[in-house]
Structures are given as structure tokens and as C-alpha cells.
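Reading the structure
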Amino acid sequence: MTVKIGEPYYVGDLVVYFLNENEAVVTDYDCRYELRATDSTCECCTFRFRSRMNPGFICRHIDAVRYMKSKMTG
Ligand SMILES: [Zn+2]
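Just so it is clear, the structure is predicted and the values come from calculations on it, not from any experiment. (Residues numbered from 1 in each chain as written. Predicted model: local features only at pLDDT ≥ 70, side-chain atom pairs only at ≥ 80, totals over all residues.)

To continue, consider the nonpolar core. Within soluble globular proteins, side chains that are nonpolar generally end up buried alongside one another. Of all hydrophobic cores here, the largest spans twelve residues; its members are Leu 14, Val 16, Phe 18, Ala 24, Val 26, Ala 37, Cys 42, Cys 59, Ile 62, Ala 64, Val 65 and Met 68. Residue assignment for this core shows that the elements contributing at least two residues are β2 (14-18), β3 (24-28) and α2 (60-72). The element that contributes the greatest number of residues to this core is α2, accounting for four residues. The residues touching Cys 59, leaving out its near neighbours within four places in the chain, are Cys 42, Cys 44, Thr 46 and Phe 47. (Core = buried A, V, L, I, M, F, W, Y, C linked by C-beta atoms within 7 Å. Buried ≥ 20, exposed ≤ 12 C-beta atoms within 10 Å, placed from the backbone. Helix = DSSP H or I, 4+ residues; strand = E, 2+ residues; numbered from the N terminus. Contact = placed C-beta atoms within 7 Å.)

Structural data, given as C-alpha cells:
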């Protein structure tokens, strides 16, 4: 599978759309919010709150970006 920048991909309930090799826009299937996420940060409230308590926390948006990046690199 080839992952292209600028093409939307479904990962579970999320749509991941890469802006460049590191940064993606992640959209929830059931709501209209678009979030900027990379494989280590996300702008969603869950990540911002939980990562303060737990530095290793990964929200489902980051998880989706990591999943697509693993496909991108092979
Ligand atoms: Zn998130």
C-alpha cells in the first residue's frame, strides 16, 4: 500500500490526511472537527489534558497517524 500526501485514508472511525511527511489532519468520522496531529503530538483536548498527567499518552489520532506512517515507510 502506498500512502500519498494529500490523500484521505480511513483508519477505523478516523480519516487521516497527510499535509507533509510528518503532519496530518485527522478528522473524526462522526464529528466535523479537524485536528492537526503528528506521531507524537495532537491538538485534541484529550491529548493535551492526558499527556500532562501521563507523558507517554497516545490519543487515537496519534495512533492513526502512527499507523499510516508505518504503512508509508513500508
Ligand atoms: Zn488527539
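This is not the end of the story, as more comes after the structure.
Pairing in this open sheet of four strands is antiparallel, and the strands run β1-β2-β3-β4 from one edge to the other. A strand with exactly one partner marks an edge of an open sheet, and here the two such strands are β1 (8-11) and β4 (34-37). Along the sheet, successive strands turn relative to each other by an average axial angle of 30°, direction set aside. Each of β1, β2, β3 and β4 is contacted by α2, which is oriented at about 55° to β2, the strand it contacts most. (Pairing = 2+ DSSP bridges. Axes fitted to C-alpha atoms, helices over the stretch in contact; angles between N-to-C directions.)

The next thing to look at is the pairing of β1. Sheet topology note: the β1/β2 ladder contains four bridges and is antiparallel. The residue bridging Tyr 9 from the neighbouring strand is Val 16, located in β2. Linking two consecutive strands that pair antiparallel, namely β1 and β2, is a turn of two residues; a positive phi of about 60° is found at Gly 12 within it.

The next point concerns the environment of Glu 34. When you line up the elements, Glu 34 lands in strand β4. In this structure, the C-alpha to C-alpha distance between Glu 34 and Phe 47, residues 13 residues apart in sequence, is 14 Å. Ignoring any residue separated from it by four or fewer positions in sequence, one finds Glu 34 in contact with Val 25 and Thr 27.

Everything listed here is a matter of geometry and, on its own, says nothing about what the molecule does.
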